[in-house]
Amino acid sequence: MKLAVLGVGGAGGRLAARLAAADPDDRPSVAAVAAFDTDPEALADLDLPREHRHAFGTTARSADATAVRTAAEGNARELSRSATDAVPAAADGVLVPVGVGGATGAGAAPVLIDTLRNVIDIPVYALTVLPEPTEEEAAGVVANARAGLLGLEATADTQLLFDNGRLDAPEERPAEADAADAYADVNATIAEWVAALFGAGEAADAAAVGESVVDASEIIATLGEGGYATVGYWREQVREEPSFLDRLRSKSESPDGIESYSTIETSVRRSLFRQRSADTDLSLATRALLVTMGPPEWLNREAIVDARRSLDEAIGGGAVRGGDTPVEDGLDLTVLSVCAGMNRPERVMSLLERGQSENGD
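Since the model is a prediction, treat every value here as computed from it, not as a measurement. (Residues numbered from 1 in each chain as written. Predicted model: local features only at pLDDT ≥ 70, side-chain atom pairs only at ≥ 80, totals over all residues. Heavy atoms only, no water.)

1. Here we look at the packing of helix H3 (residues 65-74) against helix H5 (residues 103-117)
Each pair of packed helices can be summarised by the angle the axes make with each other and by the distance between the axes. It is the contact of H3 with H5, at a shortest axis distance of 7 Å, that shows an interaxial angle of 40 degrees. Looking at the two axes, H3 sits oblique to H5. Classified by chirality, the crossing of H5 by H3 is right-handed. Seen from H3, the contacting residues are Ala65, Val68, Arg69, Ala72 and Glu73; seen from H5, they are Ala103, Thr104, Ala106, Gly107, Ala108, Pro110 and Val111. (Axes fitted to C-alpha atoms, helices over the stretch in contact; angles between N-to-C directions. Helix = DSSP H or I, 4+ residues; strand = E, 2+ residues; numbered from the N terminus. Parallel < 35°, antiparallel > 145°, perpendicular 65-115°, else oblique. Left-handed = near helix turned anticlockwise from the far one by under 90°. Contact = heavy atoms within 4.5 Å.)

Dropping the structure here:
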């Protein structure tokens, strides 16, 4: 699925740049990338071409998402023009990375998405990054998160939820000067998972097309319109790097049926219950997608069919789609389980309630 990636705010801009840098050559999904911020200095630090960095509103830093939203609404025409120009005709959808704990992302991202609605007819998804628990101690973070979440609920087709608290964020809140480096590993994790999901059906080599292709329509149908979605991810090495002699002999070891079946079954369960982008009650999901990628001989068809049944059971019954992506020279088996169409997860509800309390509403 080809995406225009439009990062908003400091965290959103850094993540957009990381997604562009991580886009794999063999399965590219990023058709265009741009960043939007009220802070020109933060924009200047991004590894993006100058013409892809857009400053708007006041240059003064604000810790208040409401104030930033007002500034964004005052610059709606400028935002709309810049955002629309950043979405190429080849894009199947727009992905807006935003850290909702920050004032700029929480305040401006909903406005940017709303302006896009008037001029494009493709889905717009928010890649919503929740603040890490220790960040919530800082003034305004929870109130910003509340404003951002509510604003995105009203504008984005779906919020693809990532919780910093589950993605190896720093144990202590870093100094502002060190924040970008401190969260680099988190951004790398998010970029890896997102690239695997949206790039699954974008094989540059026709030989790498699976029996059941995960094309843009499958992802769009799974993510749907409204609600929250989470991604489960598990990657396991299943082959050793072949030696020079093995390459000369075209030698490769194939697993037996029991081994490949067991590996897929275990990987799917781990993607569902051990390594997810956010902690959610999967039974609340109404749609799901299972993507299995790896060496062709490891893509056990029986195991993949049974794994889809397991996913159906996990979400309590619903529309479950699936696909496979052969990676001819790959060493790893990768499984993604997307669960979508969920109402507010408990973590989101907690932020909304605490934000309301802080605001005195």
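Structure shown, so let's carry the discussion forward.
2. So, the pairing of strand E9 (residues 319-326)
Counting buried residues along E9, 6 of its 8 residues qualify, which places the element largely inside the surrounding structure. Bridge count for strand E8 (residues 287-294) against E9 is 8 bridges, and the pairing is parallel. Paired with Met293 across the strands is Thr325, a residue of E9. Between E8 and its parallel partner E9, the chain crosses via helix H12 (residues 301-314), and the hand of that crossover is right-handed. (Buried < 20%, exposed > 50% of the residue type's maximum accessible area, 1.4 Å probe, protein only. Pairing = 2+ DSSP bridges. Right-handed = clockwise from strand over helix to strand, strands pointing away.)

3. What to know about the packing of aromatic side chains
This model, assessed by the stated rule, comprises 2 aromatic pairs. Plain terms: the ring middles of Phe162 and Trp193 are 6.1 Å apart, the flat faces sit at 50 degrees to each other, and that makes the pair tilted. Here Phe162, found in strand E6 (residues 158-163), pairs with Trp193, found in helix H8 (residues 184-198); they are 31 residues apart in sequence, far enough to count as distant. The same class applies to Phe162 as to Trp193, namely buried. Between Trp193 and Tyr233, the ring centres sit 5.2 Å apart and the planes meet at 15 degrees, which makes this aromatic pair stacked. With Trp193 in helix H8 and Tyr233 in strand E7 (residues 228-237), this pair connects stretches of sequence that are 40 residues apart. (Phe/Tyr/Trp six-rings, centres within 6.5 Å; stacked < 30°, edge-to-face > 60°.)

4. A short note on the nonpolar core
Leu127, Phe162, Ile190 and Phe198 are the most contacted members of the largest nonpolar core, which has 41 residues in total. The biggest single contributor to this core is H8, with 8 residues. Residues in contact with Phe198, not counting those within four places in the same chain, are Met1, Leu3, Ser29, Leu95, Leu160, Ile219 and Leu223. (Core = buried A, V, L, I, M, F, W, Y, C linked by side-chain atoms within 4.5 Å.)

Read these as layout, nothing more, since geometry by itself doesn't imply function.
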